[in-house]
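Structural characterization, general
Listed below are the residues making up each chain.
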Amino acid sequence: MELGNSVWDREDSPNRGNLSQATYATAVSVFTTVGIITAAAIGYCTMNMIVNPIFLISAGLVAPIVGIIIALNSKNWLISFIGYLMVCVGLGAIVGPTVAIVESAVVVKALLATAGVTFVMSLAGTIYPKSLEHWGIYLFAGLLALIFVRLGQMLFIATGTAPALWYLPIIEYGAALLFSLYIMYDWNRAMRLPYTLDNAVDCAMAIFLDIINLFITFLRIFSKK
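Residues numbered from 1 in each chain as written. Predicted model: local features only at pLDDT ≥ 70, side-chain atom pairs only at ≥ 80, totals over all residues. Heavy atoms only, no water.

Before going further, it helps to spend a moment on the overall build of the chain. Looking only at helices and strands, one finds seven helices and zero strands in the chain. Expressed as a percentage of its 225 residues, the buried residues of the chain come to 44%. Sequence separation of 24 or more characterises 88% of the internal contacts of the chain that already satisfy a separation of 6 or more. Surface exposure of the chain reaches about 11700 Å², of which carbon and sulfur atoms provide 73%. (Helix = DSSP H or I, 4+ residues; strand = E, 2+ residues; numbered from the N terminus. Buried < 20%, exposed > 50% of the residue type's maximum accessible area, 1.4 Å probe, protein only. Contact = heavy atoms within 4.5 Å. Areas by Shrake-Rupley, 256 points an atom, 1.4 Å probe, with all protein chains shown as cover.)

What follows covers the packing of helix H3 (residues 77-100) against helix H7 (residues 197-223). Axis separation between H3 and H7 bottoms out at 9 Å; the angle between their running directions is 5 degrees. The angle between H3 and H7 places the two elements in the roughly parallel class. For the pair formed by H3 and H7, the contact residues are Trp77, Ser80, Phe81, Tyr84, Val87, Cys88, Leu91, Val95, Thr98 and Val99 on the first element and Leu197, Asp198, Val201, Asp202, Ala204, Met205, Phe208, Leu209, Ile212, Phe215, Ile216 and Leu219 on the second. Looking at the contact of H3 with H7, its residues break down into 18 nonpolar, two polar and two charged. (Axes fitted to C-alpha atoms, helices over the stretch in contact; angles between N-to-C directions. Parallel < 35°, antiparallel > 145°, perpendicular 65-115°, else oblique. Nonpolar A, V, L, I, M, F, W, Y, C, P; charged D, E, K, R; others polar.)

Glancing now at the pattern of salt bridges. In this structure the tally under the stated criterion is three salt bridges. For arginine 220, the salt bridge goes to glutamate 172, with nearest N and O atoms at 3.0 Å. Of this pair, arginine 220 sits in helix H7 while glutamate 172 is found in helix H6 (residues 169-190), placing the two residues 48 residues apart along the sequence. According to the relative accessible area criterion, arginine 220 is buried, its value standing at 18%. Residue glutamate 172 is classed as buried on the basis of its relative accessible area, which comes to 0%. Residues aspartate 186 and arginine 189 are paired through a salt bridge, measuring 2.9 Å at the closest nitrogen-oxygen approach. Of the two residues, aspartate 186 and arginine 189 both sit in helix H6, three residues apart, roughly one turn of that helix. Relative accessible area serves as the criterion here: at 6%, arginine 189 is assigned to the buried category. (Salt bridge = Lys/Arg side-chain N within 4 Å of Asp/Glu carboxyl O.)

Attention now moves to the environment of valine 102. As for its position among the elements, valine 102 is in the loop between H3 and helix H4 (104-127). Taking the C-alpha atoms as reference points, valine 102 and arginine 220, 118 residues apart in sequence, are found 9.3 Å from one another.

Under the criterion given, the structure shown has eight aromatic pairs. Ring centres of phenylalanine 218 and phenylalanine 222 lie 5.8 Å apart, and the angle between their planes is 10 degrees; this geometry places the pair in the stacked category. On the criterion of helical spacing, the pair formed by phenylalanine 218 and phenylalanine 222 is a turn pair, its members being four residues apart in helix H7. Residue classification places phenylalanine 222 among the partly exposed positions, given a relative accessible area of 29%. Through a chain of ring-to-ring contacts, three or more aromatic side chains come together here, namely Phe31, Trp77, Phe81, Tyr84 and Phe208. (Phe/Tyr/Trp six-rings, centres within 6.5 Å; stacked < 30°, edge-to-face > 60°.)

Let's shift gears to the nonpolar core. Core analysis: the biggest nonpolar cluster contains 54 residues, and Tyr24, Phe31, Tyr84, Phe208 and Leu219 have the highest contact counts within it. By residue number, the principal contributor to this core is H7, which donates 15 residues. (Core = buried A, V, L, I, M, F, W, Y, C linked by side-chain atoms within 4.5 Å.)

As for its placement among the helices and strands, threonine 38 is situated in helix H1 (residues 21-46). Looking at threonine 38, the relative accessible area reads 19%, which means it is buried. For threonine 38, the residues in contact, after removing those within four places along its chain, are Leu85, Cys88 and Val89.

This part covers the environment of glutamate 172. Sequence separation between glutamate 172 and arginine 220 is 48 residues, and the spatial gap between their C-alpha atoms is 7.1 Å. In terms of polar contacts, glutamate 172 uses its side chain to reach the side chain of arginine 150, at 3.0 Å. (Polar contact = N/O pair within 3.5 Å; in protein donor to acceptor, adjacent residues only side chain to side chain.)

Dropping the structure here:
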């Protein structure tokens, strides 16, 4: 899920923001962490719940979409934060049942791998001195290709045709690389925006989406489910 250019086109000089660079980077990190904790808490609550899968998926998609719209159209950081939490709650509700079908050891491995990659790519994106804006077209093309592949996999599962094709390691490792690069890319772009709390929330939302997708990809890699 990509946020488009509505956040990243805020081209004022970062020095015109009301936060220092260190405070701004800390705010992005804190908001990202809060989002992850929120999604984890909701995921834990929905792991063993007996709910209608269609309702769960619908709610898990509607809430993030509405949340993104609210966050990106608000210049008040608190309203943006509410929208961001809607994204975290909705996706957490989907992740819970996903985690429930794999072994605990696999979940731990996926968490550790996600944390390690996130730390390295976040640090790289923050300190890299040049803009990575030119990566955008290639990453977006990769994301579109991945979406089409996922839809094809779902079709194979639904129709029962060519079942062996639903899991191909090269697809999963490619997806992991894609979302890892997105973390670095989004952090790099975040540090080129005005240093405000509202921008920090919106950037944290983009990075959170990268991380949650990376975590789900690692679950697929380690569990093959």
